[in-house]
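Understanding the architecture of this molecule
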Amino acid sequence: MAYLSLSNVTKQFGDAVVVDNFTLDIEKGEFVSFLGPSGCGKTTTLRMVAGFELPTSGRITLGGADITDKAPNQRNVGMIFQAYALFPNMTVAQNIGFGLRLRKMMRDEVNDRVNEMIGLINLEKHANKYPYQLSGGQQQRVSLARALAIRPEVLLLDEPLSALDAKIRVSLRAEIRAIQRRLGITAIFVTHDQEEALSISDRIVVMNVGEMEQVGTPFEIYNFPKTQFVANFVGSLNNSDAEVIDPANGILAMDGVHFKTAEQGFANRRQGDKVKISVRPERFSFAAEPMKENVVDCTIENITFLGSVVRIQISIGNTKFNMDTFNNPFLELPAIGAKEKVMCSKEAVLVL
Amino acid sequence: MSERRFSIWSWVWFLLGAVYFLVPLYATLRHSLRMERDVIGFKAYVRAFEDQDFWETFLLSNTLAVATIVASVILIVPTAYWIRLRLPQARRITEFITLLPFVIPAIILVFGLIRTYSVPIGIPFTAIELLQPLTTSKLGTYALITAGYMVLAMPYMYRSVDTGMRTVDIRTLTEAAQSLGAGWFTIVTQVILPNIRSALLSGALLTFAIVVGEVTLASFLGVDAFGPYLFLIGQHRAYEPAALSFVTFLLTWLAMGLIQLATGGQGQTAGAH
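Report on the accompanying structure.

Turning to the environment of F286 of chain A, a few remarks are in order. Residue and element names in this part refer to chain A. Relative to the elements of secondary structure, F286 occurs in strand β15 (residues 285-286). Judged by relative accessible area, F286 falls into the partly exposed class, the value being 26%. Along the primary structure F286 and R59 are separated by 227 residues, whereas in three dimensions their C-alpha atoms are 52 Å apart. With sequence-adjacent residues up to four places away left out, F286 is seen in contact with I300, I312, M323, P334, E340, K341, V342 and M343.

Have a look at this one:
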C-alpha cells in the first residue's frame, strides 16, 4: 500500500472544477513534483494534502490513516511557502523551535533539535537573527529547517524557489534534494518551472486544467510525452501538421517531405489521416554521415547564440523548425540562407 | 537645485505646523504658571495635585481606559483577523459599523445605554430575568461605560488593527503556524498579536486619550471620571484647568515616547516576510 495516497480527489469552487478526479500513490521517501501552468490545480492539490482545503470528493490517506477531514494542525505535515512565511517577531532559532514548543518538548530537547536543524541548513551564525536580517535564500532555508524540525510525515513545498534569483534557486534546489535524500522524507514539490521539476524529482505529475496529463520519471516525461500538452510544456518542441502516408512502415509527410517515425500504434492509423508531429530541437543534427532515414533538405533562417547552446532556425518545406546544437569554440556554423541537410532519428519524430 | 528648494519648503511647512501646535501649548503653560500676580510658579499645579478629587477621577479614568483597551483588543483583534482571513466580504459591513460613532453622537449612545440597561433584561413575554439593571450598581455602571467607550474608540482601534494586519501576510503566517501544529488561540496570541504590536499600541493610545478626556458618557451615567472633573473645574477655576491640560499633554507625549521605545527597534519586522 502506498504511503501517501490521493484517491479520486476532486475540488470545486462554486461551479469551477479546479482539481478533477486526481488519483496518485506516493511511496515513502519519494520526491514527487506537481508541474503545470498557473491555474492547473497543482497548488490546490497540495493544499488539500496539507489540510488547508477540503476535497469536494475523494479521500487522502497518509501511512494508512485517512486524513481527508483532519485539521491542518493535526496532520504532522511540514509546509514550505513561496513567501517563506517566517514569523517576523521570532529569531531563526525561535522560528525553528516553534513547532517543537507546541509539541510540549523539553527545553533541552528543543534546543538540541533546533541546533541540529540550524546545522543542517548551515546557518549557525544566524541563529539569533530576525527574518528581515536574512537574504531570501537564507529565509527559505530557515523555513525548510522549521518544517523539518517537527519530523513531518510529508514535506510539502509550494513553489519555494519562485521568489529567489536564478543562481540561488539552482543551489537551493540541490540543497533541498540532498537534505530530502539524507532524511528519507517523502516530499511533494509544486512548481511551474519544468527545469526545476526535471532536476529535482523522482517522479513528475504534469497537470493541466485540473487534470493529470502524465505521471512519470523526469526521463519519461521529457523523452516520451504522452500528450501534446506535456510535450509542449516540458522542454522546447517543434510542432507541425503532417499526413500519414504508409502506416505499416511509419512514413508520414510534412509539406511533401517524408519522415519516418517509430511511434507505437502508428500502424493502426489510416493512410491520409491528418496528424501532428513533434520533434525536440536537440534531436536534429546536421547530416554529417549518410543515414537511411529522415535526412531532409533545409534552409538556414536564423542563428541565435544562447551560451551553452546555439539555436538554429531552419525551414523544411514551408515549416520553420528550431534545431539546437551544443556550443563549442570550434563549432563551424553555416551561413544564414545556406542550404543544408539535417537529420533526426525515427524515434525523435513524435506523433501525439 | 530643485532638491534644495524642496528642502527649504519642507522646513517652512514643518515650522508653520510646529508653530500652529506649539503656540497654544505655550500659552496654556504660561497661563498655568501665572496663578500668583507677577510671579512665575507652580502654584496652580500644586493646587491641582493637592485636590483629592483629581487623583480619584484620574485613577478611575485610567482604570476604565485600560479596561476599554483590553476589551477592545479581545473584541477587535479576532474580528479583524477573521475578516481578513475568511470573511473579506464582511469588511464593508464592519467598516460601516465601526464608523457609526462618527455619525451617532455620544449623547444618543448614552441615552440608548441608559434606556436599555436601567431596567432588568429578561426573555420577552416571560417573567425570567437574565440581567439586573446595570445602572443600579457601581460595577454595572463601570461595565456599561466601558462598553460605551469601546464603541467610541472602535473607529480608531479597528482601523489601527486592520492597518497593522495589512502589513503582515496574515494568511500565509496562519497556514505556516497551522502546519506546525498551532491552534487558533496560539496563532492569535503568538503569531498575530506580536506582529501587529505597534498598530495595537497606536490604537491603545488613541483609546486612552478618548477615555481620559470623555465627558458625555461619564456625566450622564454618573461616573466620577476625569473628563467631567476637568470640565467642572474649568467652569469654576482659572489656572488649575490650564495646569491639568498641560499635564495631560505631557502624559500623551510620554505615552507616544513609550510606544516609540517599545516598537522602534522592531519596526521593520512587521513588514518582513
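Now that the structure has been shown, the text picks up again.
One pass over the structure, following the stated rule, counts 25 aromatic pairs over all chains. Relative to F54 of chain B, the ring of F49 of chain B has its centre 5.4 Å away and its plane inclined at 50°; by these criteria the two rings are tilted. A relative accessible area of 31% means that F49 of chain B is categorised as partly exposed. With centroids separated by 6.4 Å and ring planes inclined at 65°, the aromatic side chains of Y81 of chain B and W184 of chain B adopt a geometry described as edge-to-face. Taken together, the residues Y81 of chain B in helix α3 (residues 52-85) and W184 of chain B in helix α8 (residues 184-195) connect sequence positions 103 residues apart. Classification of Y81 of chain B as buried rests on a relative accessible area of 2%. Ring-pair connections join several aromatic residues into one group, and the members of that group are F49, F54, W55, F58, F226 and Y229 of chain B. Above the face of the Y222 of chain A ring, R280 of chain A is positioned so that its terminal group lies 4.1 Å from the ring centre.

Right, let's get into the packing of α3 of chain B against helix α9 (residues 197-213) of chain B. All names here are of chain B. One can describe the packing of α3 onto α9 by two numbers: an axis separation of 9 Å at closest approach and a directional angle of 140°. Considered as vectors, α3 and α9 are oriented oblique to each other. In this structure, the crossing between α3 and α9 has a hand that is right-handed. Counting all contacts with α3, which are made through S61, N62, L64, A65, T68, I69, V73 and V77, the residues of α9 involved are L200, A204, T207, F208, V211 and V212. When its residues are assigned to classes, the contact of α3 with α9 shows 10 nonpolar, four polar and no charged.

Every contact between the two is made by 25 residues of chain A and, on the other side, 24 residues of chain B. For the pair chain A and chain B, the two sides together bury roughly 2,100 Å², of which 65% comes from carbon and sulfur. Of all residues in chain A, N73, P88 and Y132 of chain A bury the most surface against chain B, accounting for 27% of the area lost on that side. Where chain A touches chain B, the interface holds one salt bridge. Notably, a salt bridge pairs E175 of chain B with R47 of chain A, separated by 2.6 Å at the nearest N-O pair. Across the contact surface, chain A and chain B share five residue pairs in polar contact (both at pLDDT 80 or more). For the side of chain A that touches chain B, the secondary-structure elements that each account for two or more residues are β6 (77-80), α2 (92-102) and α4 (136-149) of chain A.

A few words now on helix α5 (residues 106-117) of chain B. Here α5 of chain B contains 12 residues, and its C-alpha end-to-end distance of 16 Å stays within 8% of the 16 Å for a straight helix at 1.5 Å per residue. Close packing links the buried residues of α5 of chain B with α6 (138-166) and α10 (216-221) of chain B.

A word on the sheet that holds strand β18 (residues 319-326) of chain A. All names here are of chain A. Taken together, the five strands give an open sheet; going across it, the order is β15-β19-β16-β17-β18, and neighbouring strands pair in antiparallel fashion. Looking along the sheet, the strands with just one partner apiece sit at the ends: β15 and β18. The pairing of strand β17 (residues 309-316) with β18 spans eight bridges and is antiparallel. Within β18, the position partnered with I312 by the bridge is M323.

Residue and element names in this part refer to chain A. Pairing within the open sheet is mixed, and its six strands lie in the order β6-β7-β8-β3-β9-β10. Where the open sheet ends on each side, the last strands, each with one partner, are β6 and β10 (211-216). For this sheet the average axis-to-axis angle between neighbouring strands, irrespective of direction, equals 20°. Where strand β3 (residues 31-35) lies against strand β8 (residues 186-191), five bridges are found, and the strand directions are parallel. Residue V32 lies in a different strand from β8, and its bridge partner there is I188.

Take the pairing of β17 of chain A next. Residue and element names in this part refer to chain A. Counting buried residues along β17, six of its eight residues qualify, which places the element largely inside the surrounding structure. Note: strand β16 (residues 295-305) against β17, six bridges, orientation antiparallel. Residue pairing in the sheet places I303 in a bridge with I312 of β17. Counting the residues in the hairpin turn of β16 and β17 gives three residues, including G307, whose phi is positive at 95°. The hairpin turn running from β17 into β18, its antiparallel successor, is two residues long, and G317 in that turn takes a positive phi close to 60°.

Conventions and cut-offs
Residues numbered from 1 in each chain as written. Chains lettered and ligands numbered in written order. Predicted model: local features only at pLDDT ≥ 70, side-chain atom pairs only at ≥ 80, totals over all residues. Heavy atoms only, no water. Helix = DSSP H or I, 4+ residues; strand = E, 2+ residues; numbered from the N terminus. Buried < 20%, exposed > 50% of the residue type's maximum accessible area, 1.4 Å probe, protein only. Contact = heavy atoms within 4.5 Å. Phe/Tyr/Trp six-rings, centres within 6.5 Å; stacked < 30°, edge-to-face > 60°. Lys NZ or Arg CZ within 6 Å of the ring centre and 35° of its normal. Axes fitted to C-alpha atoms, helices over the stretch in contact; angles between N-to-C directions. Parallel < 35°, antiparallel > 145°, perpendicular 65-115°, else oblique. Left-handed = near helix turned anticlockwise from the far one by under 90°. Nonpolar A, V, L, I, M, F, W, Y, C, P; charged D, E, K, R; others polar. Buried area = accessible area lost by both parts, 1.4 Å probe. Salt bridge = Lys/Arg side-chain N within 4 Å of Asp/Glu carboxyl O. Polar contact = N/O pair within 3.5 Å; in protein donor to acceptor, adjacent residues only side chain to side chain. Expected span 1.5 Å × (residues − 1). Pairing = 2+ DSSP bridges.

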